[in-house]
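# Coordinates in review
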Amino acid sequence: MDKLTLIQPDDWHLHVRNGEMLKAVIAHTASQFARAIIMPNLKPPVTTVEQALNYRSDIVQALPNHTSFNPLMTLYLTDTTSKDDVKKAAVSEHIHAFKLYPAGATTNSDSGVSNPKAIYPILETMEQVDIPLLIHGEVTDNECDIFDREKIFVESSLNDIVQNFPNLRIVVEHVTTKEAVDFVLASPNKVAATITPQHLLFNRNAILAGGIRPHYYCLPIIKREHHRQALLKAATSGNPKFFLGTDSAPHLSGAKENSCGCAGCYSAYAALELYAEAFEQVNALDKLEGFASFFGADFYQLPRNTKTITLQKQNWTIPDNYIVDNETITPLKAGEVLNWKLIN
Ligand code: DOR
Ligand code: ZN
């Protein structure tokens, strides 16, 4: 097979930042995807409908002319999110979910939730108005090994949330472990998960073997090979609980190549090509369209897209970097060859 035509996909987990960074990255996403769920972890975080609508206007403004890309906005849950905030979000046509960051779990999560149980009344309202909850599933306990943080979160918090809110739609974002995959498989259909390209393509050797490679450092951190195999199996299974969410998270190269580098992989420039490479590894290119173009839309109760895009078998070299203002972002697999190319 040397051409693959799909209904145009959507990205169900994306960071585009603001200012110059937004201007530098948004065209990449808009050239591949019809829509994307935009993460709210700006500084300060996007916590109200008004802020989200302003942020949405900035994104639309930054788009190249003649693109019909639709940013789907989310609100950042804090300890002080009110029931009123939830009700307002539910009636806004542009707000599609709330994001739960355990406080301190990742980039710009300081204002996140200190104790998930304490916000159960808010989750109850979300369940009533039927707006999805997106979860960064990691405990933040410093004593917990960083490679175990997702697994422990699943056992200690996620299970309880799923049990207590049987009608709340939940996305376990960027799953990275076999345990999280198994949990989603065993949960009711209202529990789904996104999977990133980096967690499908790499195991933790990519970060640590033969030198430290900061551009492979993201959170949740990339795990052992058997976890990657479990993720690949889930993504290519045709099970609609698993769908595409790149978690493309740009940082300036200097902020990553640093004595304390930031978490996040930049993949938006070739997201579909990266997924195609992963699916091809297990001879499952026929399963890419469901994962990339159908299951997320169905979960969010949005219409499926109707236009198509085509990937062609073609080698091309990923640039070493992309320019942002006077600085750069280093993409995932910088300088390496990809064997699929989006041609329209
Ligand atoms: O690696 C990550 N980067 N994980 C996250 O959860 C946040 C993201 C970011 O915003 O940079
Ligand atoms: Zn993210």
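Keep in mind that what you see is a predicted model, and the values were worked out from it rather than measured. (Residues numbered from 1 in each chain as written. Chains lettered and ligands numbered in written order. Predicted model: local features only at pLDDT ≥ 70, side-chain atom pairs only at ≥ 80, totals over all residues. Heavy atoms only, no water.)

### Some words on the site of ligand 1
Formally: Nearness of a residue to a molecule or strand requires only that one of the residue's heavy atoms be within 4 Å of it. Under this definition, polar contacts are N or O atom pairs within 3.5 Å; protein pairs additionally need one hydrogen-donor-capable and one acceptor-capable atom, and for neighbouring residues in sequence, both atoms have to be side-chain atoms. Residue-level accessible areas treat just the shown protein chains as cover; the underlying method is Shrake-Rupley with a 1.4 Å probe. Side-chain classes follow a simple rule in which Ala, Val, Leu, Ile, Met, Phe, Trp, Tyr, Cys and Pro form the nonpolar group, Asp, Glu, Lys and Arg form the charged group, and the remainder, Gly included, forms the polar group.
Around ligand 1, the surrounding shell holds 13 residues, and the nearest of these are R17, N41, T106, L219 and H251. Interatomic distance of 3.0 Å between a backbone N/O atom of A263 and a nitrogen atom of ligand 1. Starting from 290 Å² of accessible surface for ligand 1 in isolation, the protein chains cover 100%. Tallied by class, the residues present in the shell around ligand 1 amount to 4 nonpolar, 7 polar and 2 charged.

### Overview of the coordination of the zinc ion (ligand 2)
Under the convention used in this document: Listed donors are limited to N, O and S atoms within 2.8 Å of the metal, widened to 3.2 Å for Na, K and Ca; water is not among them, so incomplete-looking sites are possible. Remark: exposure states derive from per-residue accessible area (1.4 Å probe, protein chains only) relative to the maximum for the residue type, with buried under 20%, exposed over 50%, and partly exposed in between.
Note on the zinc ion (ligand 2): its protein donors are H13 (NE2), H15 (NE2) and D247 (OD). The metal-donor distances range over 2.0 to 2.1 Å. All donor residues of the zinc ion (ligand 2) come from one chain, and their arrangement in sequence is H-x1-H-x231-D. Accessibility assignment for this pair places H13 and H15 in one class, buried.

### Let's talk about the pairing of strand β4 (residues 70-76)
Condition: Per the convention used, a helix needs a DSSP run of H or I reaching at least four residues, while a strand needs a run of E reaching at least two, with both numbered from the N terminus. The rule for pairing is simple: two strands pair if DSSP sees at least two bridges between them. Throughout, right-handed denotes a crossover for which the path from the first strand over the helix to the second runs clockwise when the strands point away from the viewer.
The buried fraction of β4 is high, at 6 of 7 residues. Sheet analysis places strand β3 (residues 35-38) next to β4, joined by 4 bridges and oriented parallel. Looking at β4, one finds that I37 is bridged to L72. Sheet topology places β4 next to strand β5 (residues 95-100); 4 bridges connect them, and they run parallel. Residue Y76 lies in a different strand from β5, and its bridge partner there is K99. What joins β4 to β5 is helix α3 (residues 83-90), and the crossover it makes is right-handed.

### A few points about a negative patch on the surface
The condition that has to hold: What goes into a patch is any residue over 30% in relative accessible area without a salt bridge, connected to like charges within 9 Å or, for nonpolar side chains (Val, Leu, Ile, Met, Phe, Trp, Tyr), within 5 Å. A pair is scored as a salt bridge if a Lys or Arg side-chain nitrogen falls within 4 Å of a carboxyl oxygen belonging to Asp or Glu. Counted charges follow a simple rule, with Lys and Arg positive, Asp and Glu negative, and His plus the chain ends left uncounted. In this description, the location of a charge corresponds to atom NZ of lysine, CZ of arginine, CG of aspartate or CD of glutamate.
A cluster of acidic residues, D145, D148, E155 and E179, forms a negative patch at the surface. Checked against the element boundaries, D148 lands in the loop between β6 (133-135) and α5 (149-164).

### Some remarks on empty space enclosed by the protein
Here is the rule we go by: Lining residues are defined by having an atom within 4 Å of a point belonging to a cavity or pocket. Those points lie on a 1 Å grid over the protein atoms alone, cavities being sets where a 1.4 Å probe fits but cannot get out and pockets being open sets with protein on both sides within 12 Å along at least five of seven lines. Grid points are joined across faces, edges and corners, and a volume is the space filled by probe spheres set on the points.
Applying the stated rule across the entire model yields 3 cavities of 30 Å³ or more. What the largest cavity holds in volume is close to 120 Å³. As for the largest cavity, its lining consists of 16 residues, and the residues nearest its centre are H15, T106, L219, D247 and A249. Residues belonging to the lining of the largest cavity are distributed by class as follows: 5 nonpolar, 8 polar and 3 charged. In this structure, the second largest cavity occupies an estimated 40 Å³ of space. If you trace the second largest cavity, you find it lined by H215, A249, P250, H251, K256, G264, C265, Y266, I329, T330, P331 and L332. In terms of residue class, the lining of the second largest cavity is made up of 7 nonpolar, 4 polar and 1 charged.

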